[in-house]
Every structure is written in structure tokens, then in C-alpha cells.
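Listed below, chain by chain, are the residues.
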Amino acid sequence: MVLLKLQFPLQRRVRLAQGLWLLSWLAVLAGAFTFSLGVYLKTELLRRAEVMDNTEIHVVPNILMLVGLVTMGINLFAGRVCQDSLDSARFPPWKPFLLPWYGLAWMVCVWLLSAVVLSYALQGHLEESLKVGLRNGIRFYRDTDVPGRCFQKETIDRLQMELRCCGNTNYRDWFEVQWISNRYLDFTSKEVKDRVRSNVDGRYLMDGVPFSCCNPGSPRPCLQNHLTDNTAHYNYEHQSEELNLYNRGCRQALVDYYMGLMNTIGPGILSVISLQISVLVSLRYLHTSLEGVDPENPEADSEGYILAKGVKETLMDVKTTVFKLLQFGQVEAGDEAEAGADGEKAAS
Amino acid sequence: MALMKVKFDLKKRVKLAQFVWLMYWFSVMAGVLVFSMGLFFKIELRKRSEMMDNNESHFVPNLLIGVGLLACGINAMGGKICYDSLDPSKFSRWKPMLKPFLVSCVAFNCLLVLTALLCFLMRIPLQFTLAEGLKNALKFYKDTDTPGRCYMKRTLDQMQMEFRCCGNNNFRDWFEIQWVSNRYLDFSAKEVKDRIGSNVDGKYLMDAVPFSCCNPGSPRPCIQYQVTNNTAHYSYDHHTEDLNIWKRGCRDALISYYGGMMNSIGALVLLVTILEVIVMIGLQYVNTSLSNLANPEDPECESEGWILEKTVKETFTDIMDKMKAMSKGNAVDEAGVDGVATGS
């Protein structure tokens, strides 16, 4: 019971070959497109590498780049094959390569699909990585004199201004950290001494945020200090004040940004997958229809199909072939053992 | 004595025509590029028109757009002429138009040079417009409740952050205006009453700047208030402190931004002018080589091509003589008419 049999007169075969040639070139472009999408995503992730703790999420752009290159290669091969396909002298040398080609094309589709699935599945990992990275960034904000951390302040400030966010989860994260370096605190003044003594670790904590949390869209000049104290500012109530600072946390802002990127990339990748599958199916039909051509009568009709037998039967065939290969190996080992035993018997 | 005479056989003529046709297509694309540059410049000016008091002159970007479109048209026509030049029957249709077309090409090239010059010179009026516009913008910073001006604060804050600048000439411009709205000032407090009483206009002035003047690259958290008071902050000397707030004024920042843009556009227009001159010379060669066939019946014979029929001096004196003759001709006509009128 052949799977999806179709009749192929000469004219149809010729048209199939031409269409496939065009399709394979489109697929080469799609492969280049996938590669460039991978490169773009990787650059975007690397830009914010300082606030990420691990690089697990980089597996998605890496897969895209690798698979993009492989796609370009196999589709160039497919184009070459169908260029030679209508010439009965040039086609046979390509035949042995076609079976591995189908396997490779199938793998490409599976990998692309896995990249799309991973980009959604790794969202939790991305969030964790950002949580730790941002927490460290906020903790080391004041260390502008420590080598290796001296740019942390500028990084966090620019991040908050560009993405319009404040703190890790929200602006209160700044209240729990000493973000002013000791170099700029006057330890002889009473206020500083009180604050430092008021907590176990001896940190200068205050209900204030850096200037990069300020929202330019606020109608009043930015209030950065004494944020929870309504009496410190005229006509101010911190529970109802929404526009003074950015309300969003930077972790949420970054996750939204990257998920937005992946959502835009997703449909592109799905269309590349469908293009690759159509190239695969067309090449299979071309292959089988050319196999069925009678050598004495090259212009006759022939049949093309996807699988020679039904799906179940093909799988059984594959299983038996694999077993035979394994058994062949076992039988050889058994023969050697027998020969060895005979030899011993003869010797003794 | 013709200027730059060159001999042409059929093959050379064909190659010349093909080359000039290709060059004309590049020129069409160059014209599109000039058009898009003009459009881009116009959009950039509009984006910041609030900083220029809505008073900026759009003459240069409009000129660039017009010149770009004109270049596309002229070059497309030139390309068509070159394409037809290899077919004698089609070319004979174009022949009478060719001389006026080349003269208009010369005029167009002069216009291109003028445009490039204007691009380089536009910096000067822009400076004055920006100075006026920014001064007013700073004054309206606090008016977030006045319709028509309520977005001035946000625009100014975003501009200072984007261009890394503070104030008009420098940060001290903020000390001379009241940038905190009266809605947020407690008029019963002593400090507020003192400050308002301390100047003639009753404005709340202070030596402080908005948060958008802060430099993220500073090692210490931003000092916005009491900027000139060294005792107000620990370990602070405002004379030596460079990194706290942006030192550059926004007028300088915007001038250098627009100036850079205009310089690049001016340089591009000059390059396009050079390309136009080359194609014009090429078309003149095509024209003269096809017009001076030794044997008009035989299209494969040799011919000569040149840029000018006589030398530059002689051509110039010819033109002057023609103009004198035309003006004299008018005078004679008038005299003749008068004479006839008085005579009869």
C-alpha cells in the first residue's frame, strides 16, 4: 500500500524539477535568514550579558546559527540535484546520497522546531539568571573604585534609563542595599551614624533611589529621597504617586523585551520549517518518479510516491534492517568462538 | 580647434553609449539618495522643532528634495537618449532637443553646487534659532499643567539624556529660571518665602538642576541640589568635579549633531555633482560623435567627438557676441518701429 502515490507524465516531471529548483533557492535564502536571526538574537543577549548570571539561554541563537548554515548547505545540494535530474546520464551518481539527505533534512526541521520550543521553555531560566545578575548589579552599584566592578554603576544607570525600569522587582530593591559608597559619607555627622547603627550589618540604608529611576513624564521634578515619607515633600503622597519613578522592575522589563524578540522570530522559523518540508517532499517525489522511468522509454509516464509501503510497514522494514546489522555482528563473533573451540579440540 | 577631440569607430561608439547609459542609471539612484537624505533631514528638524521655537527654516531640506526629484527626471531622460542613440532612426528624433538638454544639465549642475554650499552654510542660522528656542524651552519646563506646553518637561528631559547635555550654554542656565512649578512649593515654609523674596520677579531660584542633567558615568551618586555649595556635600568641590553633571550645553550638542548631518549631506551632494558632470560629458561625446559621421549613409564609418567645438575662449566670445547681437537686434527693432511710427 504505497503512501500518497501520484502519476507523473514527462511534462509534470519537468515542471516539478523546475519548481523544486526555485524552491531550493528560496530555501537557501531562508537558511541565510535563519542564520542572521541567530546572529541578531545572540548580539542582543550579549549586549546585556553583564546583568545575566549564566548563558543557558544562548543555546537558542547557537542552534539557529548552526541550523541556518546546515540548511543553506543541504538546499544548495538539492538545487544541484534537481538541475541534473532531467538528464538521465547525470542523475544516477546522486542517487546514493539522497537517503542520507532525507535524514539530514528531517533533522534540520526537528532542530528548528526544538529551537522554537526551547525559546519558550527557557523563559524561567532566563528570569532566574536575570534575577541573580540584577541583584549583583544593584549590590555592586556603589563599587566604582573596585577593579572589575567599576562600570556596574554606569551599566545599571543606563539600563534603567533605556528600559524605563527601576530595581530588580521594583524600586523598593534600592531600599535594601547601600548604594552610596562609603567614600562619600561623612561618618562624623549624626545622621549618618544613626542610619549605620540602625541595622545589623552597619549599612547606610535609606528610602531613596538613584536618579536613573526618575520618569521624565512626571509633571513634577523628580523626588528621589525620602520616598516613603509623605511629610518630607509638599503635596506628596507616595501611595498614589505613579509617575514619579518607573513602576516596572528591570527583570520584568528585560524578560518582556526578550520574549517579544522570540515571539517575532518564532513565526519566521515556522515558515522556514514548512519551506524545508516542502523541499523534502518535492525531492522525494522527483526521486521516486525518476526511479520509475522505463530506461527504454524515457518519455513515458511514471509513478511517484513518498513511501514505497505504508508507514507501519516501512518502520518494520527499518527495524528488521537494523536487527540484521546487529545480528550480523553477533553471528560473526559466534563463528569465531566456534572456530577457536574447534582449533583447541584439534590441538588437544 | 575643438576641445578634447577623440576618434570613434562603431565599436567605440557602442561601448561609449552603453557606459553612459549605465552611468545614468547610477545617477538616477544617486538622485533617489539625495531625495531620501532631504526627507530624513526634514524629519529630524521636525522632531526637534519644539527646541527651535517652531521657527526653523525648512529651505535646505526642501531644496534637497526638489533637487533629488529633478536629478531622477533628468537622468532618466538622459538614459533614454543614450539607449536610443544606437538606433539612427530613434536618435534623429532626439537630435533637436539635445543641445537645450545639455544646457539645462549645465544649469542643474550649478544648482547642485549651490545646494552643497547651502548645506555647509546652514549651520549659522540654525545656531540663532536654537539659542532662542532653547531659552524659551527652559522657561516652559515647569508648565506641565499649561495646555500646549505640558510635554515640554518630558521633551527637554529626554533630549538632555539623549544628547548628554545640560541647559542652553551650560548648566548655570537652570539657576536663572524657576523650573519647579508653584503647585509643588509650600508657600508657608520659611525657606520658600526667603528665596522668593530674594529676587525682584518673585521667582523660586536655586542652584540646582533637573535629574536629566546627571551623568551616569560619575563614580558618586548624582548631586543635583546645591551644586555650587561645597559644604553641603561631603568630599565635594564643584570647581574640580567634572563627571557629576553634563558640562556641555544643549545648543552646542544640537549644533554639532545637525552640523555633522549637514556636512555629510553636503559632501554627498558634491559627489553627485561630480557624477553628473561625468555623465554630461559622456552625453556630449555621444551627441557629437553621432552628429559628425563622415558618411551619413554608412553607420559603421568613423567619426570624431569633442566636448566643445572651439576652444573655451572662442566659445565664450561667441556666446557674448550672440547675446550682444540679440540685445542690439531688440534696439534696432524698437528704433525701427519708432522711426516708422514718427515717420508716418
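The structure presented is a predicted model; accordingly, all values stated were derived computationally and were not measured.

(A) Up close: the overall build of chain A. Secondary structure summary: chain A contains eight helices and two strands in total. Reading chain A from its N end, one meets helices and strands in the order β-α-α-α-α-α-α-α-β-α. Computed over its C-alpha atoms, the radius of gyration of chain A comes to 33 Å, more than 25% above the 20 Å expected for a compact globule of 348 residues. Residues counted as buried form 42% of the 348 residues belonging to chain A. Carbon and sulfur atoms form 61% of the exposed surface of chain A, whose accessible area is close to 19,000 Å². Taking the average location of the 34 positive side-chain charges in chain A and that of its 39 negative ones, the two points are 5 Å from each other.

(B) Local environment of the UniProt feature "transmembrane region" (unreviewed entry) in chain A. All names here are of chain A. UniProt tags residues 20-41, 62-81 and 101-122 as "transmembrane region" (unreviewed entry). Helix makes up 100% of residues 20-41 and strand 0%. Its end C-alpha atoms lie 31 Å apart. Taken end to end, residues 101-122 has its terminal C-alpha atoms 31 Å apart, with 95% of it in helix and 0% in strand.

(C) Representation of the confidence of the model for chain A in the model. Residues at a pLDDT of 70 or more form 94% of chain A, whose mean pLDDT is 89. Between the elements of chain A, mean pLDDT differs from a low of 69, seen in helix α8 (residues 311-347) of chain A, to a high of 95, seen in helix α5 (residues 152-163) of chain A.

(D) Just the state of the cysteines, in detail. All names here are of chain B. If you walk through the whole model with that rule in mind, you get six disulfides over all chains. Two residues share a disulfide in this structure: Cys165 and Cys250, whose sulfurs sit 2.1 Å from each other. Across the S-S bond of Cys165 and Cys250 the torsion is about 85°, and the bridge reads as right-handed. With Cys165 in the loop between α5 (152-163) and α6 (190-197) and Cys250 in helix α7 (residues 250-291), this residue pair connects regions lying 85 residues apart in the sequence.

(E) Focus on the domain arrangement of chain B. When its domains are assigned, chain B resolves into domain 1 (6-138 + 252-308) and domain 2 (171-247). Put simply, the middle of domain 1 of chain B and the middle of domain 2 of chain B, counted by C-alpha atoms, are 53 Å apart.

(F) Quick look at the domain arrangement of chain A. According to the domain assignment, chain A contains domain 1 (3-137 + 252-295) and domain 2 (171-246). Of note, the centres of domain 1 of chain A and domain 2 of chain A, computed from C-alpha atoms alone, are 52 Å apart.

(G) Inspection of the pattern of salt bridges at higher detail. Scanning the entire structure with this criterion turns up 26 salt bridges over all chains. One salt bridge connects A:Asp201 with A:Arg203, and the closest N-O pair in it is separated by 3.4 Å. Linking B:Asp145 and B:Arg183 is a salt bridge whose minimum nitrogen-to-oxygen distance equals 3.4 Å. Taken together, the residues B:Asp145 in the loop between α4 (123-139) and α5 and B:Arg183 in the loop between α5 and α6 connect sequence positions 38 residues apart. A relative accessible area of 47% places B:Asp145 in the partly exposed class. The network of salt bridges with shared partners includes A:Glu44, A:Arg47, A:Arg48 and A:Glu162.

(H) Summary view of empty space enclosed by the protein. As enumerated under the stated definition, the model contains three cavities of 30 Å³ or more in all. Contributing to the lining of the largest cavity are A:Leu41, A:Val60, A:Leu64, A:Ala115, A:Val116, A:Ser119, A:Met262, A:Ile265, A:Gly266 and A:Ile269. Among the residues making up the lining of the largest cavity, the classes are represented as eight nonpolar, two polar and no charged. Quantified by volume, the second largest cavity comes out at close to 40 Å³. Taken together, B:Arg13, B:Leu16, B:Ala17, B:Ser85, B:Leu86, B:Val286, B:Ser289 and B:Leu290 make up the full set of residues lining the second largest cavity. Those elements that place two or more of their residues in the lining of the second largest cavity are α1 (10-47) and α7 of chain B.

Conventions we followed
- Numbers given for residues are sequential positions, taken from 1 along each chain in its written order.
- Numbering of ligands from 1 and lettering of chains from A proceed in the order in which they are written.
- In keeping with the model being predicted, local features are shown solely for residues with a pLDDT of at least 70 and side-chain atom pairs are shown and tallied solely at 80 or more, while totals for entire chains, interfaces and linings include all residues.
- Water and hydrogen atoms were dropped before computing side-chain values, which therefore reflect all heavy atoms in the structure.
- The helix count covers DSSP runs of H or I at least four residues long, the strand count covers runs of E at least two residues long, and both are numbered beginning at the N terminus.
- Radius of gyration: C-alpha atoms only; globule rule: 2.2 Å multiplied by the number of residues to the exponent 0.38.
- Between buried and exposed lies partly exposed: a residue is buried under 20% and exposed over 50% of the maximum accessible area for its type, with that area taken using a 1.4 Å probe on protein chains only.
- The Shrake-Rupley method, run with a 1.4 Å probe sphere, supplies the accessible areas, and residue values consider only the shown protein chains as cover.
- When charges are tallied, Lys and Arg are placed among the positive residues and Asp and Glu among the negative ones, while His and the ends of the chain are skipped.
- Where a charge sits is defined by one atom per residue type, namely NZ (Lys), CZ (Arg), CG (Asp) or CD (Glu).
- UniProt positions are given in the numbering used here, feature names are shortened, and annotations may be inferred rather than shown by experiment.
- What pLDDT reports is the predictor's confidence in each residue, on a scale of 0 through 100.
- Cysteine sulfurs are considered disulfide-paired once they come within 2.5 Å of each other.
- An automatic or database domain assignment supplies the start and end points of every domain.
- Just to be clear on terms, a salt bridge is a Lys or Arg side-chain nitrogen sitting within 4 Å of an Asp or Glu carboxyl oxygen.
- Of the two site types, the cavity is a set of points on a 1 Å grid over the protein atoms alone where a 1.4 Å probe fits but cannot get out, and the pocket is an open set with protein on both sides within 12 Å along at least five of seven lines, each lined by residues with an atom within 4 Å of a point.
- Grid points are joined across faces, edges and corners, and a volume is the space filled by probe spheres set on the points.
- Residues are grouped as follows: Ala, Val, Leu, Ile, Met, Phe, Trp, Tyr, Cys and Pro are nonpolar; Asp, Glu, Lys and Arg are charged; all remaining types, including Gly, are polar.

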